Amino acid sequence: MSLYSVKMRASKNAHHVSGAERILNQEDLPQAVSCLTQRALHHSLGTADFINFKVEALAEAEVKHLPALPVSTRPCTTIAESFALMTSLLKELNLAEPVKLVELLRSTHPMRGAILYDVATNKQLEPDPERGIRVTYMDAAGAGCSSSGKNHFREALVLATKVVNTPGMLAELCMSDDPDYVTGYLASLKHGYTRLTPLKSVGDPHGGRVFIFDSRLGDPAQAIHFLEKEPVLVDGLPIEAPALPDPEAPFAEALAQLKQKSLYRSMRTMTSEQARHSTVNTKPMLLMSSNSYLDLTADPRVKAAAVEAAQAWGAGSGGSRLTTGNTLLAEQLENKLAQLKGKEAALLFNTGYMANLGIISALADKESVIFSDELNHASIIDGCRLSRARLVVYKHNDMQDLEAKIKQTPCSKGLIVSDAVFSMDGDILNLPDFVALGEKYHLLTMVDEAHATGVIGATGKGIVEHYGNKYAPNLIMGTLSKALGSEGGFVCASRVLREYLINKARSFIFSTAQCPAALAAAHKAIEIIEAEPERVRALQQNVLYFCSCLKELGIEASSPTAIIPLVVGDEARALAVAKELEEKGVLIPAIRYPTVPKGTARLRIALMATHTQAELKHTAELIKQALEHHQ
Ligand code: WAQ
Ligand code: MG
């Protein structure tokens with residue numbers, strides 16, 4: 001039975017796309033040619049337009065059999081660590097200049113073959129340095145052919161086995177030139193085939209091979225002849241590369257942990273617009289947890305304003321506010337917001353989260369102190385962290401504790417920041433004392449009105465109106481995404497602070513401006529709130545009514561805002577109650593750690609101005625039942 005060497009080289013527009021070779025029995029030839037053709041036609045680099053086959057008979061006696069090198073895998077956490085390991089392996093071979101050899105691999109220019117480096121003379125021995133040494137005439141014994149494309153590991157192990165069995169060869173270093181293949185290897189008779197990963201970052205097209213040779217131990221011409229001309233079959237190749245540690249494994253493990261602790265989160269899919277009556281996975285649902293407190297996101301006038309703005313101004317803004325994204329729409333909305341909040345000026349951000357991040361990190365730095373309520377929203381906490389200011393957390397809405405902490409912490413630059421309405425508890429900041437402390441100790445004061453705008457104050461203007469328009473914090477931050485039914489964040493402040501934030505707030509500077517539809521919708525919503533203060537009153541009355549329904553059923557509940565928390569405690573119980581309510585057509589999600597402290601999981605009810613008394617009464621009864629079912 002005679003053996004054949006088959007070599008395929010494929011190119012497209014005269015550029016190499018794929019190459020492969022086999023050594024096999026005559027009867028397997030047609031299938032091998034067919035499957036190598038498939039490979040050339042379906043390469044990720046493109047369909048080959050030129051495929052060159054070379055088929056040669058080999059005298060079977062000439063074919064040398066070599067046992068595959070033993071394989072080991074040495075994963076590292078960084079590229080630098082992998083190269084350090086490669087260097088230390090070379091040292092174990094008593095090579096004088098391991099660092100230089102590793103550098104040679106890292107600096108190889110793209111070439112078809114390998115560098116042949118002679119440690120006896122410190123010279124490169126490739127006759128043609130552009131081409132390098134091409135190892136050919138090799139295959140795994142009995143491999144057959146599969147068209148599934150390149151198997152980096154198998155092909156490399158065959159090549160490395162041939163290379164390190166070359167008389168005079170000490171070792172081989174290899175790094176793939178495939179941009180997404182970051183595993184390489186060092187091979188030697190002493191170390192076997194040692195896989196090293198990662199040798200580069202994903203996307204790096206750099207790669208090459210260095211054969212480390214000693215001309216005192218072998219003849220260079222004979223070595224090159226062996227590598228390029230003499231057929232080798234490698235026996236005992238493992239079927240698959242040993243699995244590399246999966247870099248995603250720790251994350252899957254973390255998810256499993258969350259599930260076990262009832263802290264896993266997933267999204268439900270709304271299949272209609274956000275309104276009092278919505279659908280979740282196409283199932284009709286009464287929303288008792290929406291932030292669209294005034295039900296304005298579904299208001300036909302708000303929607304029409306969004307549509308008109310998209311028609312007139314386009315779907316997107318096309319740039320950051322400081323480049324091409326600043327529109328008249330944005331400036332008009334800012335003027336409107338400033339007027340609503342009784343401030344000189346306003347500045348928009350893309351979301352409330354980004355507003356807090358941008359404002360706080362711009363106003364405070366390493367020299368500042370920030371005093372922050374322990375129940376402040378995560379976006380405030382993240383803004384504080386980003387600022388690198390010293391953070392002093394005071395007891396929830398406790399102005400005595402705040403003052404004591406201010407006294408203990410003298411500072412030249414300071415900020416006190418608090419939610420106006422606390423998002424998970426629904427209570428209201430003590431604004432009079434808060435502002436007084438700011439004035440007394442020369443600290444900036446900032447409130448977050450995400451859940452206050454459109455909700456508290458006689459006409460829904462927020463916390464300042466709630467306290468009779470007598471106390472003015474320096475900064476009033478808020479969102480367009482809750483009662484205003486749209487999307488975005490904002491801050492109202494002095495002109496000076498607005499200008500400063502335009503120059504310094506990174507979430508403002510480096511974000512593409514909001515889309516016209518969002519701006520126009522928010523503007524229209526403010527006009528509606530101003531024209532129809534009865535909406536805000538309806539919301540406030542709904543809260544009173546709903547709390548009275550709960551109380552009648554023996555459930556303690558009260559809230560000065562639209563947020564009514566029913567603390568259940570245990571995470572699993574809160575989830576079970578929420579699930580039962582959802583099955584009965586009422587959506588009130590369970591809020592758990594880390595949004596609220598561990599063991600204080602709760603049903604967070606958020607009312608809308610449009611809920612009817614019948615709906616509220618019915619919901620109160622369902623809650624009572626569900627709490628009884630899950631003790
Ligand atoms: N002879 C000599 N050098 C070659 C040859 C050859 N037949 N084929 C490629 N090279 C050189 C050339 O400079 C390439 O740029 C470089 O090696 C890398 O070639 O266990 O995919 O084919 O998972 O990109 C290692 C597998 C995969 C590690 C190596 O090399 C593992 C790889 P590539
Ligand atoms: Mg490659």
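Note that this is a predicted model, so its numbers are computed, not measured.

Colleague: Explain the overall build of the chain here, please?
Modeller: Within the chain, the regular secondary structure consists of 20 helices and 26 strands. Considering the chain as a whole, with its 631 residues, one finds that 52% of them fall into the buried category. Expressed as a percentage of contacts within the chain between residues at least 6 apart in sequence, the contacts between residues at least 24 apart total 70%. In the structure as shown, the chain presents an accessible area of about 28,900 Å², 53% of it carried by carbon and sulfur atoms. Across the chain, the centroid of the 65 positively charged side chains sits 2 Å from that of the 70 negatively charged ones.

Colleague: Explain the pattern of salt bridges to me, please; I cannot follow it from the model alone.
Modeller: Close approach of charged atoms allows side chains of opposite charge to pair. In total, this model carries 27 salt bridges according to the counting rule given. Two residues, Glu532 and Arg301, come together in a salt bridge whose shortest N-O distance is 2.7 Å. Highlighted residues: Glu532 in the loop between helix H17 (516–531) and helix H18 (533–552) and Arg301 in helix H7 (residues 300–313), separated in sequence by 231 residues. Accessibility expressed as a relative area gives 19% for Glu532, which makes it buried. The network of salt bridges with common partners includes Asp299, Arg301, Glu532 and Arg535.

Colleague: Honestly, helix H20 (residues 613–629) in this entry has me stumped. Any pointers?
Modeller: Since the α-helix packs 3.6 residues into each turn, any two residues three or four apart lie on the same face. Taking 1.5 Å of rise per residue, 17 residues should cover 24 Å, and H20 covers 25 Å from first to last C-alpha, within 8% of that figure. Among all positions in H20, only Glu615, Leu616, Thr619, Ala620, Leu622, Ile623, Ala626 and Leu627 are buried. Summarising the axial view, the buried residues of H20 lie within an arc of 165 degrees, below the 170-degree limit, and thus occupy one face.

Colleague: For this particular structure, what's the right way to read the packing of aromatic side chains?
Modeller: The relation between two aromatic rings is expressed through the spacing of the ring centres and the mutual angle of the planes. Scanning the entire structure with this criterion turns up three aromatic pairs. In textbook terms, an aromatic cluster arises when at least three aromatic residues are bridged by ring pairs, as seen for Phe153, Tyr185 and Tyr193. Sitting over the face of the ring of Tyr593, Lys598 holds its NZ or CZ atom 4.4 Å from the ring centroid.

Colleague: Mind showing me how you'd approach the site of ligand 1 here?
Modeller: What surrounds ligand 1 is a group of 24 residues, the closest being Lys150, Asp177, Tyr181, Tyr193 and Arg195. Within the backbone of Val135, an N or O atom sits 2.9 Å from a nitrogen atom of ligand 1. Asp177 is positioned such that a nitrogen or oxygen atom in its side chain is 2.7 Å from an oxygen atom of ligand 1. For ligand 1, the protein covers 93% of the area, taking 700 Å² as the surface of the free molecule. Where the shell around ligand 1 is concerned, the elements lending two or more residues are helix H4 (152–164), strand S9 (169–175), strand S11 (192–197) and strand S12 (208–213). Taken together, the residues of the shell around ligand 1 sort by class into 12 nonpolar, five polar and seven charged.

Colleague: Can you walk me through the packing of helix H19 (residues 571–583) against H20 in this structure?
Modeller: Pairs of packed helices are described in terms of their axes, by the angle between the two and the distance that separates them. Axis separation between H19 and H20 bottoms out at 9 Å; the angle between their running directions is 135 degrees. Relative to H20, the element H19 is oriented oblique. In the packing of H19 onto H20, the handedness of the crossing is right-handed. Where H19 abuts H20, its residues Arg573, Val577, Glu580 and Leu581 lie against Leu622, Ile623, Gln625, Ala626, Leu627 and His629. Counted by class, the contact of H19 with H20 contains six nonpolar, two polar and two charged residues.

Colleague: Hey, could you run me through the sheet that holds strand S8 (residues 138–140) in this one?
Modeller: Where strands meet in a sheet, backbone hydrogen bonds hold them as pairs that are either parallel or antiparallel. Spatially, three strands are ordered S4-S13-S8 in an open sheet, and the strand pairing comes out parallel. A single partner strand is all that each edge strand has here, and the edge strands are strand S4 (64–67) and S8. Here the average twist between neighbouring strands, direction ignored, is 25 degrees. With four bridges joining them, S4 and strand S13 (residues 232–235) adopt parallel strand pairing. Note that in S13 the partner of Lys64 across the bridge is Val232. Lying on the sheet, H4 is in contact with S4, S8 and S13; it crosses S8 at an angle near 125 degrees.

Colleague: Would you take a moment to explain the sheet that holds strand S22 (residues 489–493) for this structure?
Modeller: Strand order across the open sheet formed by seven strands is S16-S22-S21-S20-S19-S17-S18, with mixed pairing between neighbours. Of all strands in the sheet, those with a lone pairing partner are strand S16 (345–349) and strand S18 (390–394), marking the two edges. Geometrically, the sheet is characterised by an average inter-axis angle of 20 degrees between neighbouring strands, direction not taken into account. Where S16 and S22 come together, five bridges link them in antiparallel fashion. Note on S22: the bridge partner recorded for Ala346 is Cys492.

Colleague: Honestly, the layout of surface pockets in this entry has me stumped. Any pointers?
Modeller: Empty space among the atoms becomes apparent when a probe as large as a water molecule is rolled across them. Its boundaries defined by the atoms lining it, the second largest pocket holds a volume of some 1,300 Å³. As for the second largest pocket, its lining consists of 40 residues, of which Arg268, Ser289, Pro589, Ala590 and Ile591 are closest to the centre. Contributions of two or more residues to the lining of the second largest pocket are made by helix H10 (352–363), strand S21 (475–479), H19 and strand S25 (590–591). At five residues, the largest contribution of residues to the lining of the second largest pocket is made by H19.

Colleague: Please explain the nonpolar core as it appears in this structure.
Modeller: Nonpolar side chains tend toward joint burial in soluble globular proteins. Core analysis: the largest hydrophobic core is formed by 89 residues, its most contacted members being Phe434, Phe546 and Ile623. Here the element with the most residues in this core is H17; it accounts for nine residues. What Phe434 contacts, discounting residues up to four positions off in sequence, is Tyr394, Met399, Leu402, Ile416, Val417, Ser418, Leu429, Thr445, Met446 and Val447. Of all hydrophobic cores here, the second largest spans 31 residues; its members include Val163, Tyr185, Phe211 and Leu237.

Colleague: Would you explain the side chain of Thr327 in this entry?
Modeller: Relative to the helices and strands, Thr327 resides in the loop between helix H8 (321–325) and helix H9 (328–341). Contact partners of Thr327, with chain neighbours within four places excluded, come to Trp313 and Leu519.

Colleague: Please explain the pairing of S9 as it appears in this structure.
Modeller: The two faces of the sheet receive side chains in turn, since in a regular strand these alternate between them. Of all seven residues in S9, six are buried, a share of seventy percent or more. Strand direction decides the pairing type here: S9 and S12, joined by six bridges, are antiparallel. Its bridge partner being in S12, Ala171 is matched across the sheet by Ile212. Pairing of S9 with strand S10 (residues 184–188), which is carried by three bridges, proceeds in the antiparallel orientation. Note on S10: the bridge partner recorded for Glu172 is Ala187.

What counts and how
Residues numbered from 1 in each chain as written. Chains lettered and ligands numbered in written order. Predicted model: local features only at pLDDT ≥ 70, side-chain atom pairs only at ≥ 80, totals over all residues. Heavy atoms only, no water. Helix = DSSP H or I, 4+ residues; strand = E, 2+ residues; numbered from the N terminus. Buried < 20%, exposed > 50% of the residue type's maximum accessible area, 1.4 Å probe, protein only. Contact = heavy atoms within 4.5 Å. Areas by Shrake-Rupley, 256 points an atom, 1.4 Å probe, with all protein chains shown as cover. Lys, Arg positive; Asp, Glu negative; His and termini not counted. Charge placed at Lys NZ, Arg CZ, Asp CG, Glu CD. Salt bridge = Lys/Arg side-chain N within 4 Å of Asp/Glu carboxyl O. Expected span 1.5 Å × (residues − 1). Arc of directions from axis to C-beta. Phe/Tyr/Trp six-rings, centres within 6.5 Å; stacked < 30°, edge-to-face > 60°. Lys NZ or Arg CZ within 6 Å of the ring centre and 35° of its normal. Near = heavy atom within 4 Å. Polar contact = N/O pair within 3.5 Å; in protein donor to acceptor, adjacent residues only side chain to side chain. Nonpolar A, V, L, I, M, F, W, Y, C, P; charged D, E, K, R; others polar. Axes fitted to C-alpha atoms, helices over the stretch in contact; angles between N-to-C directions. Parallel < 35°, antiparallel > 145°, perpendicular 65-115°, else oblique. Left-handed = near helix turned anticlockwise from the far one by under 90°. Pairing = 2+ DSSP bridges. 1 Å grid on protein atoms, 1.4 Å probe; cavity = no way out; pocket = protein on both sides within 12 Å on 5 of 7 lines; lining within 4 Å. Points joined across faces, edges and corners; volume = space filled by probe spheres on them. Core = buried A, V, L, I, M, F, W, Y, C linked by side-chain atoms within 4.5 Å.

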